Amino acid sequence: SRDGFHWHRPVREPFIPAVRDAGPGHPEYGYLRPAGSVVNVVDDKLYFYYMAASGIDKQSRPGVYTGITINLATLRRDGFASMRSGDKEGTLLTRPVTFNGGRLFVNTDCFDGHLKVEVCSEDGTPLPEFTKDLCKPISIDSTKKMVEWRNRPALDNYNDQPLRFKFHLAGGDLYSFWTSDSESGESGGYVAGGGPEFTGGRDE
């Protein structure tokens with residue numbers, strides 16, 4: 001989810017599972033549940049506070065809710081899943097999307113590789129000012145990197161028109177992409193429980 005409101009979860013395995021194989025006494029053997037607002041956004045990470053029970057209290061008495069601790073798990077922002085490429089360049093062509101915003105941003109880890117992006121018509125034909133050859137290559141590990149093309153054409157000339165993005169990636173991961181009106185990349189999406197840099201419930 002980029003907007004923090006609409007979610008898609010094709011993999012249904014537990015996100016933070018109990019450690020059953022360790023047996024009673026392990027800090028995360030028993031009951032696990034979220035604590036507080038489920039997720040907070042702190043810099044480039046997602047913070048998940050959760051409660052866990054070991055199943056054994058200090059007097060060695062068993063119980064589902066005994067031995068409770070509050071724990072913190074962290075994840076890269078938008079780091080739930082990625083499209084990954086090896087050393088050989090791979091491509092990803094999105095379905096047609098409509099957007100508002102003059103700048104394209106990506107969340108990518110391709111420090112040892114590169115990423116280039118094309119903006120295409122509905123039939124997949126690159127727009128002349130947004131071709132792969134005109135895109136400045138990205139080789140960085142960043143959760144918020146603006147994509148640039150030579151002559152800096154404006155995406156907002158195509159607002160509300162169905163277009164497709166074609167990503168050319170080698171040696172890295174692509175986690176997410178979005179458009180923004182700001183050079184600092186605010187998405188306008190919801191940020192769940194918020195975080196230190198937010199004054200409200202949205203990334204703006």
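Our subject is the structure that appears above.
Quick caveat, the model's predicted, so the values are computed rather than measured.

K.L.:
Could you clarify how one ought to interpret the overall build of the chain in this entry?
P.N.:
Scanning the chain from terminus to terminus reveals zero helices and eleven strands. Each helix and strand of the chain, placed in order from N terminus to C terminus, yields the pattern β-β-β-β-β-β-β-β-β-β-β. Relative to a compact globule of 204 residues, whose C-alpha radius of gyration would be 17 Å, the chain shows 21 Å and is clearly more extended. Across its three principal axes, the chain shows a C-alpha extent of roughly 70 × 40 × 25 Å. By the burial criterion, 36% of the 204 residues in the chain qualify as buried. A total of about 12000 Å² of accessible surface is found on the chain, and carbon and sulfur atoms cover 50% of it. Here the chain contributes 24 positively and 28 negatively charged side chains, and the mean placements of these two sets differ by 4 Å.

K.L.:
Would you take a moment to explain the pattern of salt bridges for this structure?
P.N.:
Close approach of charged atoms lets side chains of opposite charge pair. Considering all chains together, one arrives at seven salt bridges under this definition. The partner of Asp 173 in a salt bridge is Arg 84, and the shortest N-O contact between them spans 2.8 Å. Here Asp 173, found in strand S11 (residues 172–180), pairs with Arg 84, found in strand S5 (residues 83–85); they are 89 residues apart in sequence, far enough to count as distant. Assessed through its relative accessible area of 8%, Asp 173 is described here as buried. Two residues, Lys 132 and Glu 89, come together in a salt bridge whose shortest N-O distance is 2.8 Å. Here Lys 132 is found in the loop between strand S8 (114–120) and strand S9 (141–146), whereas its partner Glu 89 is found in the loop between S5 and strand S6 (90–93), with 43 residues between them in sequence. For Lys 132, a relative accessible area of 24% translates into the label partly exposed. Note on Glu 89: relative accessible area 31%, which makes it partly exposed.

K.L.:
Any chance you could explain the packing of aromatic side chains here in plain terms?
P.N.:
Remark: the centre distance and the inter-plane angle together describe each pair of aromatic rings, the angle taken between the planes. Across all of its chains, the model carries eleven aromatic pairs by this definition. A centroid spacing of 4.9 Å and a plane angle of 65° characterise the contact between Phe 15 and Phe 48, whose relative ring orientation is edge-to-face. Residue Phe 15 is found in the segment before strand S1 (32–34), and its partner Phe 48 is found in strand S3 (residues 45–53); the two are separated by 33 residues along the sequence. Across from the ring centre of Tyr 190, 4.8 Å away, lies the NZ or CZ of Arg 202, which sits over that ring.

K.L.:
Please clarify how the sheet that holds strand S10 (residues 164–170) should be interpreted in this entry.
P.N.:
Sheet strands pair via backbone hydrogen bonds, and the direction of the pair is either parallel or antiparallel. Read across the sheet, three strands follow the order S6-S10-S8 without closing on themselves; strand pairing throughout is antiparallel. A strand with exactly one partner marks an edge of an open sheet, and here the two such strands are S6 and S8. On average, adjacent strands in this sheet sit at an angle of 15° to one another, irrespective of strand direction. Taken together, the four bridges between S6 and S10 define a ladder with antiparallel strand orientation. Bridging across to S10, Gly 90 finds its partner in Leu 169.

K.L.:
Just to check I follow, could you spell out the sheet that holds S11 for this structure?
P.N.:
A sheet is described by the order of its strands in space; here four strands give the open sequence S5-S11-S7-S9, paired in antiparallel fashion. Strand pairing shows two members of the sheet lacking a second neighbour, S5 and S9, which therefore form its edges. Along the sheet, successive strands turn relative to each other by an average axial angle of 25°, direction set aside. Here strand S7 (residues 103–109) pairs with S9 via four bridges, running antiparallel. Residue Thr 108 lies in a different strand from S9, and its bridge partner there is Ser 142.

About the criteria used
Residues numbered from 1 in each chain as written. Predicted model: local features only at pLDDT ≥ 70, side-chain atom pairs only at ≥ 80, totals over all residues. Heavy atoms only, no water. Helix = DSSP H or I, 4+ residues; strand = E, 2+ residues; numbered from the N terminus. Rg over C-alpha atoms; globule rule 2.2 N^0.38 Å. Buried < 20%, exposed > 50% of the residue type's maximum accessible area, 1.4 Å probe, protein only. Areas by Shrake-Rupley, 256 points an atom, 1.4 Å probe, with all protein chains shown as cover. Lys, Arg positive; Asp, Glu negative; His and termini not counted. Charge placed at Lys NZ, Arg CZ, Asp CG, Glu CD. Salt bridge = Lys/Arg side-chain N within 4 Å of Asp/Glu carboxyl O. Phe/Tyr/Trp six-rings, centres within 6.5 Å; stacked < 30°, edge-to-face > 60°. Lys NZ or Arg CZ within 6 Å of the ring centre and 35° of its normal. Pairing = 2+ DSSP bridges. Axes fitted to C-alpha atoms, helices over the stretch in contact; angles between N-to-C directions.

Any link to function would need more than the numbers given here.
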